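Secondary and tertiary structure notes
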Amino acid sequence: MVRANRACWTLFSSLCAASRSLSASTLRRSALAVAAALMLASIQGCSSSPGGRATNGIPGARAAKTNPARSVRAHVIPPHFVDVTKAAGIHFRNQNSPTPRKYLIETMGAGCAFIDYDGDGWQDILLLNETRIPGGHVTGRSTMALYHNNHNGTFTDVTHAAGLDRESFYAMGVAVGDYDNDGHEDFYVSCVLGPGHLFHNEGNGKFKDVTAQAGVGNNGRWGTSCAWVDYDRDGKLDLFVCNYVQYRSLKDDVPCFADTRGHPIYCIPSAYDPSTCTLYHNEGGGRFKDVTESSGIGAAHGKSLGVSIWDYDGDGWPDIFVANDTVPGFLFHNERNGTFKEVGVESGIAYDDTGGAHSGMGIDATDVLNNGRTSVAIANYYGVRTSFYNQIAPGLFRDDQASSGIGKGTSRVLGFGLSFFDYDNDGWKDLMQVNGHVQDEIQQREPQTLYREPTLLFHNNGDGTFQEVGLKSGAPFTDRIVGRGLAYGDIDNDGRLDVLITPNGGAARLWRNETPNTGHWITLKLIGVKSNRDGIGAMITVTAGGITQREMVHSGSSYLSQSDLRAHFGLGAQKMAVVTISWPSGAVDRITDLPYDRISVIREGCHPVQTTEQGSGTAK
């Protein structure tokens, strides 16, 4: 959360190895020179085949270019989101159990999730909470909450009926996925001060805590963001858990003070030792095996807060991006043999554009520019700016926060949850970021710095640049909150993506997207047969009007949160789209007659394709 000392800024391991004998400025110039040479070679050697597969090593990649039908700041549909929290019946408050002592865990927040737990085609809501700690204050019972979608814009609290009204753990992150392929969505909750918890969906509206028999407690670690991923493509979902710092109990908390008078503040992460992420392999039969060390994940020590799963090199195997706090970020390349290789430094994603380690919280990775390549956003500390990486060669990324316009717009906020999604259905993914400082008394010491901060929404101009449009639209974006978790999902099945926000120590927010004159759209709910039931890891391409979008069905991303597992694509004015689904099993389905403005349920093998009417969760 506070910037680390400047480390060597390098893009290749050879440069990093030589850093002992090079000055920082010389190293930066050398790295940039090599990057430029590689990019030039990439451009000179790039040519697309008729099938759209480029020869630059990134399958399907195309040279980035401005869409001639778009111009910067033209045809921007102003966003219109409405806070419907109270009207929807959501009455939930995150309780971080604040103490005068100021334990670090109090300021980190908890996540939220969209989950269709009863399989009725409507997104329900899961909100995490913390338990009371010694010296802390909570009001009433501090439990997580599950809200059932009533299909009419309202929700009903079913926490007790679902067996989830427990207040015995300090929850952090959540990941949704059907780990046993029984057709019911399960979820995992990461925790601090105790084990994480795996909740099995019993299929009757109830959940059962199966952590002990599954073996996924992540004991003795501070679990943060987590994600389901079928990393070995065996048809069973595995579990990846980020861990922050060494923090087994409150005795490990380091006291810090703002001044010589002894005013306590939340301590900085550099005061703590790093940890390692955890990887559990799904053995089947409801049991998992800790493969952290054998997979190579355990070789990388960091302070991990965010995770995003994405196949950045197009080899069909999911890779893992991890946002670290004050230490270099991770990119775990899937070696396709059950192991991973950490390539964050050599790929250019470990550091920001100034050579500093991120103060990374939230992270998301996807194809933002519709050019077949990967973009990655990482939220940062106040004054540091959100990083926005573009893939400029098969294994090389460049931080374009300045040229994209995202950096300037985030320089005066402290970012946490962020997500790419297409709010106006124009076919280009936009970026939303929630913000909030970590020091609750910051304005007493620095009057110009806000504790509660506004939420930002950056419109994708389609030419590699973004413009902030959220604040210009007024409330609820201008409402100041201590933002932490962020998830998106279509709560009313109208084709416009809504958002769920969890502030730290505040009331949850549900914003319905009522943006007018949005484009056409398609939403795909995948059902794996040979692949895992959720189709997590499936890469979907949608071509319409000369634009090809990509999205991978994924768990994780943002900060501590889980978005709608259904893949959503805006089509703009187009009414026809060609859809190709590359499943984790290796099967490929191609659909040319998919109806627009509909939610389609696609079973691996393409037969049958079920569609739902707009605003309905019922298959036709």
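The coordinates are above.
Throughout what follows, the structure given in this document is the object of discussion. (Residues numbered from 1 in each chain as written. Predicted model: local features only at pLDDT ≥ 70, side-chain atom pairs only at ≥ 80, totals over all residues. Heavy atoms only, no water.)

With an omega dihedral of 5 degrees, the bond running from Ala475 to Pro476 counts as a cis peptide bond. Its place among the elements puts Pro476 in the loop between strand 27 (466-468) and strand 28 (483-489). Unusually for a residue other than glycine, Asn181 sits at a positive phi of about 55 degrees. For Asn181, the position within the fold is in the loop between strand 6 (170-177) and strand 7 (186-192). In the Ramachandran plot, Thr326 falls in the positive-phi region, its phi being about 70 degrees despite a non-glycine side chain. Here Thr326 is to be found in the loop between strand 17 (319-324) and strand 18 (330-334). With a relative accessible area of 8%, Thr326 lands in the buried category. (Helix = DSSP H or I, 4+ residues; strand = E, 2+ residues; numbered from the N terminus. Buried < 20%, exposed > 50% of the residue type's maximum accessible area, 1.4 Å probe, protein only.)

All right, on to the packing of aromatic side chains then. Overall, the coordinates contain 22 aromatic pairs when judged by the stated rule. Aromatic side chains Phe187 and Phe207 sit 5.1 Å apart centroid to centroid with 65 degrees between the ring planes, which places their arrangement in the edge-to-face category. On the criterion of sequence distance, the pair formed by Phe187 in strand 7 and Phe207 in strand 9 (residues 207-209) is long-range, its members being 20 residues apart. Here Phe187 and Phe207 have matching classes, each one buried. Of the aromatic side chains, those joined through ring pairs into one cluster are Tyr117, Phe169, Phe187, Phe199 and Phe207. The lysine or arginine in question, Arg233, covers the ring of Trp317, its NZ or CZ lying 4.4 Å from the ring centre. In this structure, Arg484 is placed above the aromatic ring of Phe416, and the distance from its NZ or CZ to the ring centre is 4.0 Å. (Phe/Tyr/Trp six-rings, centres within 6.5 Å; stacked < 30°, edge-to-face > 60°. Lys NZ or Arg CZ within 6 Å of the ring centre and 35° of its normal.)

Taken together, four strands build an open sheet; the order of strands is 16-17-18-19 and the sheet is antiparallel. The sheet is open, and its two borders are formed by strand 16 (304-310) and strand 19 (340-342), each paired with just one other strand. Direction aside, neighbouring strands of the sheet carry axes that sit 20 degrees apart on average. (Pairing = 2+ DSSP bridges. Axes fitted to C-alpha atoms, helices over the stretch in contact; angles between N-to-C directions.)

Right, let's get into empty space enclosed by the protein. For the coordinates displayed, the defined rule picks out five cavities of 30 Å³ or more. Roughly 150 Å³ of internal volume is contained in the largest cavity. Taken together, 16 residues make up the lining of the largest cavity; nearest its centre are Tyr488, Glu551, Arg566, Ala567 and His568. Counting residues per element, the ones that place at least two in the lining of the largest cavity are strand 24 (415-421), strand 33 (547-552) and strand 34 (567-572). With three residues, strand 33 is the single largest residue contributor to the lining of the largest cavity. Of the residues in the lining of the largest cavity, the class split is eight nonpolar, three polar and five charged. There is about 40 Å³ of room inside the second largest cavity. Along its surface, the second largest cavity is lined by Phe321, Val322, Gly329, Phe330, Ile349, His358, Ile363 and Ile378. (1 Å grid on protein atoms, 1.4 Å probe; cavity = no way out; pocket = protein on both sides within 12 Å on 5 of 7 lines; lining within 4 Å. Points joined across faces, edges and corners; volume = space filled by probe spheres on them. Nonpolar A, V, L, I, M, F, W, Y, C, P; charged D, E, K, R; others polar.)

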